[in-house]
Amino acid sequence: MSDSLTIGFLGAGRMATALARGFVAAGLVTADQLSASDVIEDARRRFAEETGGTTCETNREVVERSGVVVVAVKPQYVGTVLAEVQDALGPEHLVISIAAGVTLESLANNAGGERRLVRVMPNTPALVQAGAAGFALGGAATAEDGELVARLLGSVGVAYQVPESLLDAVTGLSGSGPAYVFQIIEGLADGGVRAGLPRDVAQALAAQTLLGAARMVLETGEHPAVLKDAVASPGGTTIAGLHALERHGVRGALIDAVMDATCRARELGGS
Ligand SMILES: NC(=O)C1=CN([C@@H]2O[C@H](COP(=O)(O)OP(=O)(O)OC[C@H]3O[C@@H](n4cnc5c(N)ncnc54)[C@H](OP(=O)(O)O)[C@@H]3O)[C@@H](O)[C@H]2O)C=CC1
Ligand SMILES: O=C(O)[C@@H]1CCC=N1
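Chains are numbered independently. Their residues run from 1 in the order of the written sequence. Whichever chain is written first is A, and whichever ligand is written first is 1; the rest continue in order. The predicted origin of the model limits local features to residues at a pLDDT of at least 70 and limits the giving and counting of side-chain atom pairs to 80 or more, whereas totals for whole chains, interfaces and linings rest on all residues. Based on all heavy atoms of the structure, the side-chain values leave hydrogens and waters out of the count.

**Some thoughts on the overall build of the chain**
Phase 1: Counting its secondary structure elements, the chain contains twelve helices and eight strands.
Phase 2: Radius of gyration here uses only the C-alpha atoms, and the compact-globule reference equals 2.2 Å multiplied by the residue count raised to the power 0.38. For 271 residues, the compact-globule estimate of 2.2 N^0.38 gives 18 Å, and the C-alpha radius of gyration of the chain, at 21 Å, lies within 12% of that figure.
Phase 3: Structurally, the chain occupies a C-alpha span of about 70 × 40 × 30 Å along its principal axes.
Phase 4: Buried means the residue's accessible area, taken with a 1.4 Å probe over protein chains only, is under 20% of the maximum for its type, while exposed means over 50%, and partly exposed covers the values in between. For the chain, buried positions account for 39% of its 271 residues.
Phase 5: Contact between two residues is taken to exist if any of their heavy atoms lie within 4.5 Å; hydrogens are not considered. For the chain, the proportion of contacts with a sequence separation of at least 24, taken over those separated by at least 6, is 65%.
Phase 6: Charge counting follows a simple rule: Lys and Arg are positive, Asp and Glu are negative, and His as well as the terminal groups are ignored. Where a charge lies is defined by one atom per residue type: Lys uses NZ, Arg uses CZ, Asp uses CG and Glu uses CD. A distance of 6 Å separates the average location of the 20 positive side-chain charges in the chain from that of its 30 negative side-chain charges. Elements are defined by DSSP. Helices are runs of H or I of four residues or more, strands are runs of E of two residues or more, and each kind is numbered from the N terminus.

Here's what the structure looks like:
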């Protein structure tokens, strides 16, 4: 933990709260090093309750209290928020935007080209230290800024530095991905209930199965197809289930989901 690290969120919504809670749970900061502003009083109250951080009435106040300023409003409000705080931002600030699609160029236009800017795409599992994020540094960001961002995101999951051109793909895959997986868990649990299991048991088995399978991919380093083949006995149950998934085009649906979300991120960024 660094006592001098102060992190302020402009926008105290779901992603800001997930990151802030994750940073505290990881021991990276204590609650008194966090602050957030939001136009919605309820969002400020929830941020304070869930993170223990300070909430401010204005975005400027957050900027004045913070070394790291995280822009966590919806993409369409990023320009307005940055323009509002532009003259409170100085060389002492590292500005991190987590907004889908919003480019470093657009951030620089609104925050000032000389500002140290980093574009990040996190995801909500940061809340439970299982986040997956990508980031790209703006022109004025230093190598130390990159290290700090890697440390921040690394404290709540994994983080990859990528060329900015790939951040929309990161958004379509891991930024939006938790929602796809929640839908898959819901569907598996429904299947379990359909087959006669109690709902709570079905949901726990579904979620644990995803967790276990994901850990096997990460920890064995095997190709998922190899691990899949090891589950499927000849003429057995698994190949019957896999056949159903193939009939319904599950892999194609997932590829489409990532591509559609990536395209939407590009649209949000104006390209
Ligand atoms: N949720 C997720 O899983 C992820 C989100 N992101 C990105 O994070 C950003 C925030 O998303 P999310 O947390 O889901 O959104 P939320 O709507 O939960 O949070 C954004 C908050 O900012 C408030 N806000 C709007 N305008 C201002 C303003 N001028 N000053 C201060 N606060 C303001 C919002 O109010 P209002 O509702 O009126 O807008 C809202 O409470 C987005 O840009 C999104 O692309 C990135 C990765 C994952
Ligand atoms: O749905 C969205 O636009 C945001 C960005 C990635 C996840 N949630």
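**Some points on the site of ligand 1**
Phase 1: Proximity is defined per residue: if any heavy atom of the residue lies within 4 Å of a molecule or strand, that residue is considered near it. The immediate surroundings of ligand 1 are formed by 21 residues, with Arg 14, Met 15, Asp 38, Val 73 and Lys 74 found nearest.
Phase 2: Between ligand 1 and Asp 38 there is a distance of 2.8 Å, counted from an oxygen atom to a side-chain nitrogen or oxygen.
Phase 3: At 3.1 Å from a nitrogen atom of ligand 1 is found a side-chain nitrogen or oxygen belonging to Asn 59.
Phase 4: Protein chains shield 81% of the accessible area of ligand 1, which is 870 Å² for the free molecule.
Phase 5: Placement of ligand 1 is best described as lying within the second largest pocket.
Phase 6: Lys, Arg, Asp and Glu make up the charged group, whereas Ala, Val, Leu, Ile, Met, Phe, Trp, Tyr, Cys and Pro make up the nonpolar group; the residues left over, Gly among them, are polar. When its residues are assigned to classes, the shell around ligand 1 shows 14 nonpolar, four polar and three charged. Counting of polar contacts relies on pairs of N or O atoms within 3.5 Å, with two restrictions inside protein: one atom must be capable of donating a hydrogen and the other of accepting it, and residues adjacent in sequence are counted only when both atoms are side-chain atoms. Only the protein chains shown count as covering a residue, and every accessible area follows the Shrake-Rupley method with a 1.4 Å probe. Using only the protein atoms, space was sampled on a 1 Å grid; points where a 1.4 Å probe fits but cannot get out form cavities, open sets with protein on both sides within 12 Å along at least five of seven lines form pockets, and lining residues are those with an atom within 4 Å of a point. Here the criterion for a molecule occupying a pocket or cavity is that more than half of its atoms lie within 2 Å of the pocket grid points.

**Topic: the pairing of strand β7 (residues 131-137)**
Phase 1: Most of β7 sits out of view: five of its seven residues are buried.
Phase 2: For two strands to count as paired, DSSP must find a minimum of two bridges between them. Here strand β6 (residues 116-121) runs beside β7; their pairing, made up of four bridges, is antiparallel. Note on β7: the bridge partner recorded for Val 120 is Phe 135.
Phase 3: Of the pairings in the sheet, the one linking β7 to strand β8 (residues 157-161) comprises five bridges and is parallel in character. Across the sheet, the residue bridging to Ala 133 is Ala 159, located in β8.
Phase 4: Every crossover in which the path from the first strand over the helix to the second runs clockwise, viewed with the strands pointing away from the viewer, is termed right-handed. Following the backbone out of β7, through helix α6 (residues 143-154) and into the adjacent parallel β8, one traces a crossover that is right-handed.

**Structural notes on the site of ligand 2**
Phase 1: Ligand 2 sits among Ala 100, Gly 175 and Ser 176.
Phase 2: Contact with the protein chains hides 45% of the accessible area of ligand 2, taken as 250 Å² for the molecule alone.
Phase 3: Cavity membership is defined here by more than half of the atoms lying within 2 Å of grid points; on that basis ligand 2 lies in the second largest pocket.

**As for the side chain of Asp 38**
Phase 1: Residue placement: Asp 38 occurs in the loop between β2 (34-37) and α2 (41-51).
Phase 2: Here, a salt bridge means any side-chain nitrogen of Lys or Arg that lies within 4 Å of a carboxyl oxygen of Asp or Glu. Despite its burial, Asp 38 pairs with no opposite charge; the closest candidate is Arg 44, at 6.0 Å N-O.
Phase 3: Engagement of the side chain of Asp 38 in a polar contact is seen with the backbone nitrogen of Ile 40, the distance being 2.8 Å.
Phase 4: Look past the residues within four positions of Asp 38 in its chain and what remains in contact with it is Gly 11, Ala 12, Gly 13, Ala 43, Arg 44 and Cys 56.

**Points about the domain arrangement of the chain**
Phase 1: Domain boundaries shown here were taken from an automatic or database domain assignment. Partitioning the chain into domains gives domain 1 (7-167) and domain 2 (177-268).
Phase 2: Taking only C-alpha atoms, the centre of domain 1 and the centre of domain 2 are 32 Å apart.

**A word on the packing of helix α4 (residues 78-85) against helix α5 (residues 104-111)**
Phase 1: Two elements in contact, α4 and α5, have axes separated by 8 Å at closest approach and are oriented at 35 degrees. Contacts from Val 78, Gly 79, Leu 82 and Ala 83 in α4 reach Leu 107, Asn 110 and Ala 111 in α5. Axes here refer to lines fitted to C-alpha atoms; in helices the fit is confined to the stretch in contact. Angles between the N-to-C directions go from 0 to 180 degrees.

**Description of the packing of aromatic side chains**
Phase 1: Between rings of Phe, Tyr and Trp, where Trp is taken as its six-membered ring, a pair exists when centres lie within 6.5 Å; planes separated by under 30 degrees are stacked, by over 60 edge-to-face, and by other angles tilted. Counted by the stated rule, this structure contains one aromatic pair.
Phase 2: Considering the side-chain rings of Phe 9 and Phe 47, the 5.9 Å spacing of their centres and the 55 degrees angle between planes classify their relative orientation as tilted. Taken together, the residues span a long stretch of sequence, with Phe 9 in strand β1 (residues 7-10) and Phe 47 in helix α2 at a distance of 38 residues. Phe 47 carries the same exposure label as Phe 9, and that label is buried.

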